[in-house]
Amino acid sequence: METFTDFNISNQLQYAMSDLGFEKPTPIQAQSFSVIMSGTDMVGIAQTGTGKTLAYMLPILQDLKFSKEINPRVLVLVPTRELVIQVVEEIEKFGKYASIRVKGVFGGTNINRQKEDVAQGSDIIVATPGRLYDLVVSRALQLKAIKKVVIDEVDVMLDLGFRFQLTNILELLPNKRQNIMFSATMTDDVNVFIHDFFIAPTTVSVAVSGTPLETIKQFAYSVPNFYTKANLLKYLLQNESDFKKVLVFVPNKKSADLLFDILDEFFGSEVAVIHSNKTQNYRIRSIENFNAEKTRILVTTDVMSRGLDLERISHVINFDVPYFPENYMHRIGRTGRAEQEGTSILLYTPNEENAKQAIEDLMGIKITEMQLPGEVEVSTQLTFEEQPQIIEINNPQNLEEAGPAFHEKKEKNKKENLGGSYNRTIKQKYKKPKTRGDKNFRKNKRGK
Ligand code: AMP
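Keep in mind it's a predicted model, so treat the numbers as computed, not measured.

Draft legend 1. Structural view of the pairing of strand S8 (residues 216-222). The pairing of S8 with strand S13 (residues 342-348) spans seven bridges and is classified as parallel. In the sheet register, glutamine 218 faces S13, and the bridge partner there is serine 344. As defined by bridge partners, S8 adjoins strand S14 (residues 368-370) across three bridges and the pair is classed as parallel. Residue pairing across strands places tyrosine 221 opposite methionine 370, the latter belonging to S14.

So this is what it looks like as structure tokens:
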């Protein structure tokens with residue numbers, strides 16, 4: 001295995017690596033370094049947790065000479081504000097001896113402050129596409145000095161509907177530049193995107209999409225319903241010495257709030273929740289507390305967790321079985337990072353058996369089955385969604401005979417019934433983050 005010394009990187013970068021305790025490059029870092037240094041376009045297929053941020057930043061920092069240029073020379077585009085914050089922090093750590101000026105910009109916060117911030121000059125800008133475009137259009141930021149552009153999590157960006165904004169930005173960049181992109185999965189959309197903007201890119205790939213990281217132990221429990229799952233989870237989480245840092249995935253905000261309330265009653269300040277209805281400040285605080293290990297358990301939806309730097313996760317709990325097996329892969333990829341051991345636990349009801357099977361087919365392995373411990377109470381309480389549908393026997397059969405209100409409802413229902421195409425489901429899942437910021441937080445501040 002190569003070492004960082006084999007890369008011939010500057011002393012400043014070597015010192016930063018040893019400060020961080022990084023002994024050797026991860027596979028994606030080992031493969032990407034020479035490709036990016038050579039200046040060709042690169043497509044990296046790697047999941048979060050593989051060390052991909054350093055994979056592109058190390059060669060970029062090695063190549064970035066000191067300059068007084070106001071305009072940035074490197075642009076990193078990421079899908080969410082959380083990822084902007086995380087990547088900026090990482091770059092600051094990697095480049096701490098190299099006096100790199102790095103700025104992060106994202107929507108949902110005061111644009112004027114960001115305008116002032118970028119006006120002071122930078123070497124690297126990390127941005128979400130929408131806010132970056134606004135800054136460029138308002139002439140607060142110029143992209144004419146950009147030599148390298150990194151687009152991270154392209155699959156998520158395209159799912160979020162950022163293609164148009166990405167295209168606009170790429171068209172504003174100088175023609176002579178290096179394009180680097182990372183994606184966890186290779187989708188048709190990603191393929192088309194590469195074809196449109198990249199010139200003969202070299203593809204670098206670690207772990208074929210669908211291959212679980214070898215450092216993750218996977219277990220599954222068959223459980224009859226939501227409330228029994230909650231009982232099992234409470235039982236498992238009492239084991240504080242094993243369940244040190246636990247990420248619990250739920251399918252939606254409603255389940256997140258419901259489960260949080262149950263766990264909160266039992267574990268109090270040990271547990272926090274994040275989902276897109278929570279304010280940005282609340283989310284940032286929850287993540288910081290979790291990272292600082294002030295809270296042991298974090299309940300989250302898939303969208304919120306993507307791209308976050310959640311180190312040393314001991315367990316990923318899948319409270320539901322994701323319908324798309326790729327989502328399961330993303331979830332469990334939050335543990336077993338950078339070659340540390342991790343555990344994933346999947347809780348599935350009889351209705352979710354098919355989805356579990358699809359995951360096992362994708363991975364080509366069976367998840368180890370566990371017996372529901374005798375101490376766990378089997379609940380008969382059902383959530384609204386789990387209750388059997390009540391058929392209204394008195395409904396008129398012939399709709400033409402029904403009153404006008406019935407017609408109205410029928411139309412309305414039609415509108416809502418959008419079917420279940422993959423794209424729509426994905427779009428709904430990765431809904432654009434709210435751009436309103438944390439009003440309560442500001443109100444409180446002002447009130448002080
Ligand atoms: P990423 O995939 O970029 O989110 O990185 C996953 C985690 O691995 C981050 O916490 C990095 O700081 C860490 N990491 C990156 N490179 C290495 C390395 N060579 N050795 C150990 N840890 C690393």
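Next, the rest of the story.
Draft legend 2. Quick peek at the pattern of salt bridges. Within the structure shown, the criterion is met by 18 salt bridges. Glutamate 82 is the partner of arginine 283 in a salt bridge, and the nearest nitrogen-oxygen pair spans 2.6 Å. In this pair, arginine 283 is assigned in helix H12 (residues 280-291) and glutamate 82 in helix H4 (residues 81-94), connecting sequence segments 201 residues apart. Each member of the pair arginine 283 and glutamate 82 is classed as buried. Look at the salt bridges and you will find they share partners, linking Lys356, Glu360, Lys366 and Glu369 into a network.

Draft legend 3. Inspection of the packing of aromatic side chains at higher detail. A full pass over the atoms with the stated rule returns eight aromatic pairs. Between the aromatic rings of phenylalanine 226 and tyrosine 227, the centroid separation amounts to 5.4 Å while the plane-to-plane angle is 75 degrees, which identifies the pairing as edge-to-face. When its relative accessible area of 10% is taken as the criterion, phenylalanine 226 is described as buried. Taking relative accessible area as the criterion, tyrosine 227 reaches 17% and is therefore assigned buried. Between phenylalanine 226 and phenylalanine 319 the ring centres are 5.1 Å apart and the planes differ by 75 degrees, which places this aromatic pair in the edge-to-face class. Of this pair, phenylalanine 226 sits in helix H10 (residues 226-237) while phenylalanine 319 sits in the loop between strand S12 (315-318) and helix H14 (325-332), and the two are 93 residues apart along the sequence. Classification of phenylalanine 319 as buried rests on a relative accessible area of 2%.

Draft legend 4. Looking closely at the site of the ligand. Near the ligand, the surroundings consist of 19 residues, among which Lys24, Gln29, Gly49, Gly51 and Thr53 are the closest. In isolation the ligand offers 490 Å² of accessible surface; the protein chains occlude 90% of this area. Of all the secondary-structure elements, those providing two or more residues to the shell around the ligand are helix H3 (52-63) and H4. The element contributing the most residues to the shell around the ligand is H3, with three residues. Here the shell around the ligand is built from residues that sort into five nonpolar, eight polar and six charged. Summarising the domain contributions, the shell around the ligand has at least three residues from each of domain 1 (4-205) and domain 2 (216-370).

Draft legend 5. Representation of the sheet that holds S13 within the structure. Spatial ordering of the open sheet is given by S10-S11-S9-S12-S13-S8-S14, a layout of seven strands whose pairing is parallel. Lying at the two open borders of the sheet, with one neighbouring strand each, are strand S10 (271-274) and S14. Here the average twist between neighbouring strands, direction ignored, is 25 degrees. Lying on the sheet, H10 is in contact with S8, strand S9 (246-249), strand S11 (297-300), S12 and S13; it crosses S13 at an angle near 155 degrees.

Draft legend 6. Region of the structure containing unusual backbone geometry. At arginine 139, a position not held by glycine, the phi torsion is positive, near 65 degrees. Mapped onto the elements of the fold, arginine 139 is located in the loop between helix H6 (129-137) and strand S5 (148-151). Note on arginine 139: relative accessible area 75%, which makes it exposed. The backbone of alanine 200 shows a phi angle near 35 degrees, a positive value even though the residue is not glycine. Relative to the elements of secondary structure, alanine 200 occurs in the loop between helix H9 (188-197) and strand S7 (202-205).

Calculation notes
- Residues numbered from 1 in each chain as written.
- Predicted model: local features only at pLDDT ≥ 70, side-chain atom pairs only at ≥ 80, totals over all residues.
- Heavy atoms only, no water.
- Pairing = 2+ DSSP bridges.
- Helix = DSSP H or I, 4+ residues; strand = E, 2+ residues; numbered from the N terminus.
- Salt bridge = Lys/Arg side-chain N within 4 Å of Asp/Glu carboxyl O.
- Buried < 20%, exposed > 50% of the residue type's maximum accessible area, 1.4 Å probe, protein only.
- Phe/Tyr/Trp six-rings, centres within 6.5 Å; stacked < 30°, edge-to-face > 60°.
- Near = heavy atom within 4 Å.
- Areas by Shrake-Rupley, 256 points an atom, 1.4 Å probe, with all protein chains shown as cover.
- Nonpolar A, V, L, I, M, F, W, Y, C, P; charged D, E, K, R; others polar.
- Domains from an automatic or database assignment.
- Axes fitted to C-alpha atoms, helices over the stretch in contact; angles between N-to-C directions.
- Contact = heavy atoms within 4.5 Å.

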